[in-house]
Amino acid sequence: MDYTDYYKLTCSEIQKLYRENKASPEQVVDSYLKRIEAVDGKLNAFVKLNRESIDKQLKDLKEKKEKPLYGIPVVIKDNICVRDEETTCASAILKGFKPPYDAAVIERLREAGAILLGKANMDEFAFGSSCETSCYGPTKNPWDLDRIPGGSSGGSAAAVSADEACLGLGSDTGGSIRQPAALCGVVGLKPTYGRVSRYGLIAFASSLDQIGPITKDVRDAALLLNVIGGHDPRDSTSVNAPKPDYTKSLINDIKGLKVAVPKEYFVGGIDKEVSLYIGEAIKTLGSLGAKIGEVSLPHTDYAVSAYYIIAPAEASSNLARFDGVQYGLRSKAAKDSLLEMYNRTRAEGFGSEAKRRVILGTYVLSSGYYDAYYLKALKVRTKIKEDLEAVFKEYDCIVTPTSPTPAFKIGEKKEDPLSMYLSDIFTIPVNLAGIPAISVPCGFTKNGLPVGLQILGKPFDEETLFKAAYAYEQNTEWHKRRPSL
Amino acid sequence: MVSKDNNNKKSEIDVGYVAKLARLALTADEIKRLGKQLNDILGYIGKLNNVDTAKVQPTSHVLPLKNVERTDKVVPSLRIEETLKNAPLKENSFFKVPKVIE
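So, how was this worked out
Residues numbered from 1 in each chain as written. Chains lettered and ligands numbered in written order. Predicted model: local features only at pLDDT ≥ 70, side-chain atom pairs only at ≥ 80, totals over all residues. Heavy atoms only, no water. Helix = DSSP H or I, 4+ residues; strand = E, 2+ residues; numbered from the N terminus. Rg over C-alpha atoms; globule rule 2.2 N^0.38 Å. Buried < 20%, exposed > 50% of the residue type's maximum accessible area, 1.4 Å probe, protein only. Core = buried A, V, L, I, M, F, W, Y, C linked by side-chain atoms within 4.5 Å. Contact = heavy atoms within 4.5 Å. Buried area = accessible area lost by both parts, 1.4 Å probe. Salt bridge = Lys/Arg side-chain N within 4 Å of Asp/Glu carboxyl O. Nonpolar A, V, L, I, M, F, W, Y, C, P; charged D, E, K, R; others polar. Pairing = 2+ DSSP bridges. Axes fitted to C-alpha atoms, helices over the stretch in contact; angles between N-to-C directions. Parallel < 35°, antiparallel > 145°, perpendicular 65-115°, else oblique.

1. Considering the overall build of chain A
Inference 1: Secondary structure assignment for chain A yields 15 helices and eleven strands.
Inference 2: Relative to the compact-globule value of 23 Å for 485 residues, chain A shows a C-alpha radius of gyration of 21 Å, a close match.
Inference 3: Expressed as lengths along the three principal axes of its C-alpha atoms, the size of chain A is roughly 65 × 55 × 45 Å.
Inference 4: A buried classification covers 66% of the 485 residues belonging to chain A.

Okay, here's the thing in structure tokens:
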């Protein structure tokens, strides 16, 4: 293989070349930089390339040969702080912000020998399912440039799908890792809430946010979670639980695995081809020895409603910190009054979806509406969590579509926020319950658009997800397809 | 449908007032557009009233964590110049803001 083709490889394939001394990190990184140069003009997946720091990162690698991600190029969603590299959440209000510290996951990646290639595009503050609310303009889906890549981690998913990065980090609040992974034909994992430190992740909804891997195959997702997972005292919600070696779960054997199929996920609004491929995937799991059973998650239909109260409520509170004082934009229009400075800075800095969520969140928390909306949503959240707990008493995992439709057209839902919100219908319950879930490629529509299979697991049981996803992947070919660009 | 008094009358969100609470200067156009969109969204969200939650405890957080304590030990923190590096306006070792008290 010519070194200029290294960008096509998975992380474990590159690691094999390194072990056999057949490739150097300089060659691998160069191959990726050339690939980015060749295709990112079409995709807009990167918002920033770490040109200056890449050479230094490569020099610092000398001592790290034995480290788990030695010389592996990674793309980072733009809401994760990287020291001295512009980090903006794709929002005009944070243009120019250079964090004075690394997020916990970035510290771990550096320690592991990974190369940070740059920052990936996203929906502004992760508010969206299409990557269209970015202040840098939309990212395109590598499988069809007229379509969205999904969101909010659309840049990370498109970059990994188009071989512009070997591994990607995303964040998932209501589906923002899994949905773009599904729509771009790659693997995306939302870990259990508390598994990965949120220190240095710019907060959207603190009780739902979780950082996770976006990768070309299941093994790479396990390798990346091995590095980024684990306790961090700086995030008080990071859980001090033992962290297994996830590569040990990569065994092609799911005989006797108890798999639940919730009937509420297969009614109305779901695309026919998506439904067909999910049905095929369930048959495949069955033929591999899994025991399939139909279950009911009766409160599924209320998840989007509860989420669009809880998430904007938390977001409106988290976004209060963007006031023109400590970082980012300050309006030049108001010099005389502090209050006017706040009002104008936020008006100029936030995009339309951010404004919508700040208003919605402020409203549901405001005096007189708190009980009717916010408290009600928290109680329905309990019901959704209990539904899932009941199923997990009898089953090891649950399978569903990741997204009700394949990638939609750019602009199709932009002016219709409610219809955009409903595209997260199958991913949201996972965040409300705090459980882990993975999306793996499970088919392609007649138009050549990827379809994703979602597997949900018990809290802190990512191992079962890896096992089921790996067995499925080993017995199918979908993950090997790459878009032609 | 949800309203303040839980009857079947749809509550109309007063976007201008909420924007004031949220410290957000909106144009008249934005107020109009957001009002329509948010009323649609609130109309959809109103289906939560079909769930009986009389005896249900709220879940604000999924983990069974209570007080997470750490040792009260001095550790290094950011230097003042690092903290101020991103400030739009600063003076000496302070963030500078417009006058607060008239």
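2. Topic: the nonpolar core
Residues and elements named next belong to chain A.
Inference 1: Formed by 109 residues in total, the largest nonpolar core has its most connected members in Leu69, Leu109 and Phe466.
Inference 2: Looking at this core, the element that brings in the most residues is helix H7 (residues 218–228), giving eight residues.
Inference 3: Beyond its immediate sequence surroundings of up to four residues, phenylalanine 466 is in contact with Leu189, Val218, Ala221, Ala222, Leu225, Tyr246, Ser249, Leu250 and Ile438.

3. Some remarks on the interface of chain A and chain B
Inference 1: Residue-level contacts link 71 residues of chain A with 53 residues of chain B.
Inference 2: A buried area of about 5500 Å², summed over both sides, lies between chain A and chain B, and 68% of it is on carbon and sulfur atoms.
Inference 3: There are four salt bridges connecting chain A and chain B.
Inference 4: As a salt-bridge pair, aspartate 301 of chain A and lysine 47 of chain B come within 3.2 Å of each other at their nearest N and O atoms.
Inference 5: Those elements giving two or more residues to the side of chain A that touches chain B turn out to be helix H9 (303–318), helix H10 (338–349), helix H11 (352–365), helix H12 (370–392), helix H13 (417–421) and helix H14 (428–433) of chain A.
Inference 6: The dominant element in the side of chain A that touches chain B, judged by the number of residues it contributes, is H12 of chain A, at twelve residues.
Inference 7: Looking at side-chain class alone, the side of chain A that touches chain B contains 37 nonpolar, 17 polar and 17 charged residues.

4. As for the environment of leucine 224 of chain A
Residues and elements named next belong to chain A.
Inference 1: With respect to the helices and strands, the residue leucine 224 is situated in helix H7.
Inference 2: Exposure remark for leucine 224: the relative accessible area of 0% places this residue in the buried category.
Inference 3: In this structure, the C-alpha to C-alpha distance between leucine 224 and leucine 69, residues 155 residues apart in sequence, is 8.0 Å.
Inference 4: Ignoring anything within four residues of it in the chain, the contact list for leucine 224 reads Leu69, Leu109, Leu167, Gly168, Leu169, Pro213 and Thr215.

5. Describing the pairing of strand S4 (residues 167–172) of chain A
Residue and element names in this part refer to chain A.
Inference 1: The buried count for S4 comes to six of six residues, which makes it a mostly enclosed element.
Inference 2: On S4, burial covers both faces: Leu167, Leu169 and Ser171 on one face and Gly168, Gly170 and Asp172 on the other are all buried.
Inference 3: Note that strand S2 (residues 73–77) and S4 share three bridges and pair parallel. Its bridge partner being in S4, valine 74 is matched across the sheet by leucine 167.
Inference 4: The pairing of S4 with strand S6 (residues 210–215) spans six bridges and is antiparallel.

6. Some words on the packing of H7 of chain A against helix H15 (residues 462–474) of chain A
Helix packing for two helices is described by the angle between their axes and how far apart those axes are.
Residues and elements named next belong to chain A.
Inference 1: Where H7 meets H15, the axes come as close as 9 Å, and the angle between the chain directions of the two elements is 155°. Taken together, the axes of H7 and H15 lie roughly antiparallel to each other. Contact residues: Val218, Arg219, Ala221, Ala222 and Leu225 in H7; Glu462, Phe466, Ala469, Tyr470 and Glu473 in H15.
Inference 2: When its residues are assigned to classes, the contact of H7 with H15 shows seven nonpolar, no polar and three charged.

7. Here we look at the pattern of salt bridges
All names here are of chain A.
Inference 1: What the rule picks out here adds up to 35 salt bridges over all chains.
Inference 2: Residues lysine 34 and aspartate 30 are paired through a salt bridge, measuring 2.6 Å at the closest nitrogen-oxygen approach. Of this pair, lysine 34 and aspartate 30 are both found in helix H2 (residues 25–43), four residues apart, which corresponds to roughly one turn of the helix.
Inference 3: Aspartate 30 gets classed as partly exposed once you look at its relative accessible area, which sits at 25%.
Inference 4: Lysine 446 is the salt-bridge partner of glutamate 273, the closest N and O atoms lying 3.9 Å from each other. Taken as a pair, glutamate 273 in helix H8 (residues 272–287) and lysine 446 in the loop between strand S10 (437–444) and strand S11 (450–457) lie far apart in primary sequence, 173 residues in all.

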